[in-house]
Amino acid sequence: MTTTTDKLDEEDFLRQADPYRRELLAHCYRMLGSVHDAEDLVQETYLRAWRSYHGFEGRSSLRTWLHRIATRACLTALESRGRRPMPTGLGAPSSSPRDSLVEQPEVPWLEPIPDAMIGADHADPAAIVTNRASVRLALIAALQHLPPRQRAVLILRDVLQWRAAEVAEVLDTTTTAVNSILQRARAQLDQLTPREDDIVEPVDADQRELLDRYVSAFENMDIAAIVELFTADAVWEMPPFAGWYQGPEDIGELIARHCPCDGPGGMRLVPTEANGQPAFGLYMRAEDGTYRPFNLPVLTLGPTGVTHVSCFFDLRLFATFGLPESLPAEPRPVAG
């Protein structure tokens, strides 16, 4: 039976804990690589925290206490789950666009996360840059290569800026062990992630113009214009398809050969933001003229063009990103 005191305690807990929900989601996402799994683990975190709230003595901040619970919940979950890769992380060389596409739906692929869900779109400018850097797809994909405890140590120390002693308490180990784990994790991550200098924010006129060209090239199904968007070593990947493609010409040929677009006007792109990067909901024209969800490309921009596109074909993501279920048909020009 719920008493008035229990209800007041619950209201007090939610009032104090709810402001941390978005940063806990970002934390769980960094650990798990899945927005849907992260949402489940945040719920688990709040349930565990509520059950233990009477014993919270304030020896640490509520924020630290919640992150401690979330980290332990994620580590428990990861005991029964493998890493979430991207196609480039499977170890195979780049594919030929002339090959058949090989779909692997059984692989638990990495997922993107909307900026709006983790506060990467509303903070002050300095915090935005820091938050975006800590959730970029390349970093999240690289974190998946680390064992779970290394992943936790690196996130707690380098993203959340915890002291080694605080991390040691969470992992039930020593400060010396934490520092050793962190050194190994940093060394491996340095080999896997691009330098921040190679990534540019889509804030200046040149980058906005590049994104406008990207939309125009795809909506017009203009392969030559698509090829011009990419840098010489650009990468294109699209889970759940296992192949990945490198170089503008191969990317252009891949799209020309395999994209089911029926010609100019066959695609519509709706802008959004994922992992601190520009992204789009891409819709394909159906037989009745309406536009249906097709995939969700997330772009990495460099100083001279698009350096990486990750297209996600999990259509559940459209609802996660708050994108429309469909777009209305557009009138086709009448022949004179």
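For clarity, every value in this text was computed on a predicted model and none was experimentally measured.

## Points about the overall build of the protein
Here is step 1: The secondary structure content of the protein amounts to 14 helices and six strands.
Here is step 2: Out of the 336 residues in the protein, the part that is buried amounts to 49%.
Here is step 3: Long-range pairs, those at least 24 residues apart, make up 66% of the contacts in the protein with a sequence separation of at least 6.
Here is step 4: Carbon and sulfur atoms make up 50% of the accessible area of the protein, which totals about 16,400 Å².

## Concerning the sheet that holds strand β2 (residues 244-246)
The strands making up a sheet associate through hydrogen bonds between their backbones, and the pairing can be parallel or antiparallel.
Here is step 1: Ordered in space as β2-β1-β6-β5-β4-β3, the six strands form an open sheet in which the pairing is mixed. Looking at which strands have only one partner, the edges of the open sheet turn out to be β2 and β3 (267-274). Each strand of the sheet is rotated relative to its neighbour by a mean of 20°, with strand direction disregarded.
Here is step 2: Where strand β5 (residues 291-302) and strand β6 (residues 305-312) come together, seven bridges link them in antiparallel fashion. The residue of β6 that forms the bridge with V298 is S310.
Here is step 3: Running at roughly 40° to strand β1 (residues 230-237), helix α13 (residues 248-258) makes contact with β1 and β2 of the sheet.

## Some remarks on the packing of helix α4 (residues 62-78) against helix α9 (residues 164-171)
Here is step 1: Look at α4 against α9: their axes get within 10 Å of each other, and the N-to-C directions meet at 45°. For the element pair α4 / α9, the angle class is oblique. The two elements α4 and α9 meet at a crossing, and its hand is right-handed. Here T64, R68, T71, R72 and L75 of α4 lie close against α9, whose contacting residues are E166, E169, V170 and L171.

## Structural notes on α13
Here is step 1: Of all the positions in α13, only P248, I251, G252, L254 and I255 are classed as buried. Taken end-on, α13 shows its buried residues confined to a sector of 155°, consistent with a single buried face.
Here is step 2: Looking at the buried residues of α13, the elements they touch are α11 (205-219), α12 (223-229), β1 and β2.

## Some points on the nonpolar core
Here is step 1: Core analysis: the biggest nonpolar cluster contains 68 residues, and C28, M31, W65 and L143 have the highest contact counts within it.
Here is step 2: The dominant element in this core, judged by the number of residues it contributes, is α4, at ten residues.
Here is step 3: The residues touching C28, leaving out its near neighbours within four places in the chain, are A38, L41, V42, A70 and C74.
Here is step 4: Formed by 30 residues, the second largest nonpolar core is a distinct cluster that contains F241, I255, L269 and M284.

## A word on the packing of aromatic side chains
Here is step 1: As enumerated under the stated definition, the model contains ten aromatic pairs in all.
Here is step 2: Grouping aromatic residues by their ring pairs yields a cluster made of Y214, F218, F230, W236 and F280.
Here is step 3: Above the plane of the ring of Y46 lies R21, whose end atom (NZ or CZ) is 4.1 Å from the centre.
Here is step 4: When the ring centre of Y291 is taken as origin, the NZ or CZ atom of R268, which lies over that ring, is 5.4 Å away.

## Details of the side chain of Q277
Here is step 1: With respect to the helices and strands, the residue Q277 is situated in strand β4 (residues 277-285).
Here is step 2: Within the local environment of Q277, its side chain forms a polar contact with the side chain of T300, the two groups lying 3.0 Å apart.
Here is step 3: Apart from residues no more than four positions distant in its own chain, Q277 is found in contact with D115, R136, L137, T272, V298, L299 and T300.

## A short note on the environment of L182
Here is step 1: With respect to the element layout, L182 can be found in helix α10 (residues 175-192).
Here is step 2: With 28 residues separating them along the chain, L182 and L154 place their C-alpha atoms 5.7 Å apart.
Here is step 3: Apart from residues lying up to four places away in sequence, L182 is in contact with V153, L154, R157 and D158.

## Structural notes on the pattern of salt bridges
Here is step 1: Tallied over the full model, the rule gives 17 salt bridges.
Here is step 2: Measuring nitrogen to oxygen at the nearest pair gives 3.0 Å for the salt bridge that ties D18 to R21.
Here is step 3: In this structure, the salt-bridge partner of E209 is R213, at a minimum N-O distance of 3.9 Å. Of the two residues, E209 and R213 both sit in helix α11, four residues apart, roughly one turn of that helix.
Here is step 4: With a relative accessible area of 32%, R213 lands in the partly exposed category.
Here is step 5: Through salt bridges with shared partners, one network takes in D37, R81, R84, E111, D314 and R316.

## Things to note about unusual backbone geometry
Here is step 1: Here the bond from P239 into P240 is cis, since omega is 20°, no more than 30 degrees from zero.
Here is step 2: Tracing the backbone shows P240 in the loop between β1 and β2.
Here is step 3: With phi around 55°, D172 is a residue other than glycine that occupies positive phi space.
Here is step 4: With respect to the secondary-structure elements, D172 resides in the loop between α9 and α10.

Conventions adopted
- Residues numbered from 1 in each chain as written.
- Predicted model: local features only at pLDDT ≥ 70, side-chain atom pairs only at ≥ 80, totals over all residues.
- Heavy atoms only, no water.
- Helix = DSSP H or I, 4+ residues; strand = E, 2+ residues; numbered from the N terminus.
- Buried < 20%, exposed > 50% of the residue type's maximum accessible area, 1.4 Å probe, protein only.
- Contact = heavy atoms within 4.5 Å.
- Areas by Shrake-Rupley, 256 points an atom, 1.4 Å probe, with all protein chains shown as cover.
- Pairing = 2+ DSSP bridges.
- Axes fitted to C-alpha atoms, helices over the stretch in contact; angles between N-to-C directions.
- Parallel < 35°, antiparallel > 145°, perpendicular 65-115°, else oblique.
- Left-handed = near helix turned anticlockwise from the far one by under 90°.
- Arc of directions from axis to C-beta.
- Core = buried A, V, L, I, M, F, W, Y, C linked by side-chain atoms within 4.5 Å.
- Phe/Tyr/Trp six-rings, centres within 6.5 Å; stacked < 30°, edge-to-face > 60°.
- Lys NZ or Arg CZ within 6 Å of the ring centre and 35° of its normal.
- Polar contact = N/O pair within 3.5 Å; in protein donor to acceptor, adjacent residues only side chain to side chain.
- Salt bridge = Lys/Arg side-chain N within 4 Å of Asp/Glu carboxyl O.

Read these as geometric descriptors, not functional statements.
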